[in-house]
Amino acid sequence: MAILRAKPLEISPLIKWAGGKKRLAAIIQEEAEKKVDFENIDTYVEPFAGGASMFLHLASKYEFKRQVIMDINPALINLYRQVRDNLREVTAGLDKIQVAYNALPENDDFEAKKAYFYEARTQFNKILIDGDGDLIQQAVLFIFLNKTDFNGLYRVNSKGLFNVPFGRRKSINLYDNNNIHQFSKLLQNTEILLGDYRNTGKYIGDRTFFYFDPPYRPLTDSASFTSYAKSTFNDDSQRELATYVMKIANAGTHFALSNSDPHQSDKNDDFFDNLYKDFTICRIQAARMISARARGRGSVSELVITN
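What you see is a predicted model; the values in this text were computed from it and never measured.

1. With respect to the pairing of strand S4 (residues 66-71)
Thinking step 1. Counting buried positions over the 6 residues of S4 gives 5, a clear majority of the element.
Thinking step 2. Bridge count for strand S2 (residues 43-46) against S4 is 4 bridges, and the pairing is parallel. Bridge pairing in S4 places Glu46 opposite Ile69.
Thinking step 3. Here 5 bridges tie S4 to strand S5 (residues 190-194), and the two strands are oriented parallel to one another. Across the sheet, the residue bridging to Gln67 is Thr190, located in S5.

So, in structure tokens, the structure goes:
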């Protein structure tokens, strides 16, 4: 069973991530705790890890016997593996690139810093596409690009190339030393998997808690970026996920799932209400922090679904 920590750890995500749950984690936990006692949970599984905010929130409070984070984004999974396994090399690389960037001259058009950013993006994409490059350097570049690109986005094109433009940062601080060491320590007892959520079947059981945070179903009036991975997650994908969620729930597994609220743009759109009619659906208010347009940011309704 999970052990409630005497003093919760204080660990923040290493990166900014679209749809990150840092501000909502406590609310999601509260909704989940109406149905499950986390001290009776052995295994925590998060198949759509992203920035890992929910994982950090729960694993900072409970010591799970087994904890699993997974994502289909190979660069993201590599980042977590390198922070777990090669932290000294990662921080050394971050120090080097931070000093180099901050030493570049500042002027109105950011010419030198902009050129440095695009060179780093090219190098990152080469390692990403080749698949056999310097994976520690890829992790370093991942954090650098996340801290210096436009709005902290991670987006790839149809060829799988990272294509977010420069964000005009005058100076950067790529990491907090204590935070990244605490993050690495927490990952020592964590399985970090590259793959699809459907490959988590071996963890199904009545002492397992799943948290699903899939790519959100777009609202009709929202402005969204193209994709954070080389795939699309459409309505059929949402239905397939719901089928999987029903499967694990029928096996006695506990879960919570987040998604957008279609009622935000169409009061008659009951897509998720129908899809998850056998479960508890709670509507909560969330701050949308990443959007291409300023009017796309603000408070929106989101769904938390539990069994």
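2. Quick notes on empty space enclosed by the protein
Thinking step 1. Inspection of every chain in the model, using the stated rule, returns 1 cavity of 30 Å³ or more.
Thinking step 2. In this structure, the largest cavity spans a volume of roughly 30 Å³.
Thinking step 3. Contributing to the lining of the largest cavity are Phe124, Phe142, Leu145, Asn146, Asp149, Leu153, Tyr154 and Phe162.
Thinking step 4. Here the lining of the largest cavity gets 3 residues from one element, more than from any other, and that element is helix H6 (residues 135-148).
Thinking step 5. Residue composition of the lining of the largest cavity, by class: 6 nonpolar, 1 polar and 1 charged.

3. Points about the domain arrangement of the protein
Thinking step 1. Here the protein is partitioned into domain 1 (3-72 + 195-306) and domain 2 (77-177).
Thinking step 2. Relative to domain 2, the C-alpha centre of domain 1 lies at a distance of 27 Å.

4. Brief notes about the packing of aromatic side chains
Thinking step 1. This structure, assessed with the given rule, holds 28 aromatic pairs.
Thinking step 2. Look at Tyr44 and Phe64: their rings are 5.7 Å apart centre to centre, the planes differ by 25 degrees, and that puts the pair in the stacked class. Of this pair, Tyr44 sits in strand S2 while Phe64 sits in the loop between strand S3 (62-63) and S4, and the two are 20 residues apart along the sequence.
Thinking step 3. Under the relative-accessibility criterion, Tyr44 is labelled buried at 0%.
Thinking step 4. Measuring from ring centre to ring centre gives 5.0 Å for Phe255 and Phe279, while their planes differ by 90 degrees; the resulting arrangement is edge-to-face. In this pair, Phe255 sits in strand S7 (residues 254-260) while Phe279 sits in the loop between helix H9 (271-275) and strand S8 (280-288), placing the two residues 24 residues apart along the sequence.
Thinking step 5. Taking relative accessible area as the criterion, Phe255 reaches 1% and is therefore assigned buried.
Thinking step 6. Through pairs of rings, three or more aromatic residues link up here, namely Phe38, Tyr44, Phe55, Tyr62, Phe64 and Phe209.
Thinking step 7. Lys113 extends its terminal NZ or CZ atom over the ring of Tyr101, reaching a point 4.5 Å from the ring centre.
Thinking step 8. The positively charged end of Arg217 is found above the aromatic ring belonging to Phe271, 4.1 Å away from the centroid.

5. So, the pairing of strand S6 (residues 208-212)
Thinking step 1. For S6, the tally of buried residues reaches 5 of 5 residues, placing the bulk of the element in the interior.
Thinking step 2. Residues Thr208, Phe210 and Phe212 of S6 are buried on one face, and the alternating residues Phe209 and Tyr211, pointing to the opposite face, are buried as well.
Thinking step 3. Pairing between S6 and S7: 4 bridges, direction parallel. If you follow Phe209 over to S7, its bridge partner there is His254.

6. Side note on helix H3 (residues 74-85)
Thinking step 1. Along its 12 residues, H3 runs 16 Å from first to last C-alpha, staying within 8% of the 16 Å computed at 1.5 Å per residue.
Thinking step 2. The inward-facing, buried residues of H3 abut S4, helix H4 (87-103), helix H5 (111-130), H6, helix H7 (177-187) and S5.
Thinking step 3. Two or three places before Ala75, at the opening of H3, Asn73 has a side-chain oxygen 3.0 Å from that residue's backbone nitrogen.

7. A few points about the environment of Asp235
Thinking step 1. Within the fold, Asp235 resides in helix H8 (residues 235-250).
Thinking step 2. C-alpha of Asp235 to C-alpha of Pro218: the two residues are 17 residues apart in sequence and 9.8 Å apart in space.

8. Observations concerning the packing of H3 against H6
Thinking step 1. One way to put it is that H3 packs onto H6 with a least axis distance of 9 Å and a crossing angle of 105 degrees. Between H3 and H6, the crossing angle belongs to the class labelled roughly perpendicular. Contacts between H3 and H6 involve Ala75, Leu76, Asn78, Leu79 and Gln82 from the first element and Leu135, Ile136, Gln138, Ala139, Phe142 and Ile143 from the second.
Thinking step 2. Taken together, the residues of the contact of H3 with H6 sort by class into 8 nonpolar, 3 polar and no charged.

9. Some thoughts on the layout of surface pockets
Unfilled space is identified by rolling a water-sized probe across the atoms.
Thinking step 1. Estimated volume of the second largest pocket: approximately 210 Å³.
Thinking step 2. Lining the second largest pocket are 13 residues, with Leu9, Glu10, Ile11, His57 and Ser60 sitting closest to its centre.
Thinking step 3. Counted by class, the lining of the second largest pocket contains 6 nonpolar, 4 polar and 3 charged residues.

10. Let's talk about unusual backbone geometry
Thinking step 1. Positioned with a positive phi, Phe110 is a non-glycine residue whose angle comes to about 55 degrees.
Thinking step 2. Relative to the assigned elements, Phe110 resides in the loop between H4 and H5.
Thinking step 3. The class for Phe110 is buried, based on a relative accessible area of 9%.

Reading guide: rules and limits
- Residues numbered from 1 in each chain as written.
- Predicted model: local features only at pLDDT ≥ 70, side-chain atom pairs only at ≥ 80, totals over all residues.
- Heavy atoms only, no water.
- Buried < 20%, exposed > 50% of the residue type's maximum accessible area, 1.4 Å probe, protein only.
- Helix = DSSP H or I, 4+ residues; strand = E, 2+ residues; numbered from the N terminus.
- Pairing = 2+ DSSP bridges.
- 1 Å grid on protein atoms, 1.4 Å probe; cavity = no way out; pocket = protein on both sides within 12 Å on 5 of 7 lines; lining within 4 Å.
- Points joined across faces, edges and corners; volume = space filled by probe spheres on them.
- Nonpolar A, V, L, I, M, F, W, Y, C, P; charged D, E, K, R; others polar.
- Domains from an automatic or database assignment.
- Phe/Tyr/Trp six-rings, centres within 6.5 Å; stacked < 30°, edge-to-face > 60°.
- Lys NZ or Arg CZ within 6 Å of the ring centre and 35° of its normal.
- Expected span 1.5 Å × (residues − 1).
- Contact = heavy atoms within 4.5 Å.
- Polar contact = N/O pair within 3.5 Å; in protein donor to acceptor, adjacent residues only side chain to side chain.
- Axes fitted to C-alpha atoms, helices over the stretch in contact; angles between N-to-C directions.
- Parallel < 35°, antiparallel > 145°, perpendicular 65-115°, else oblique.

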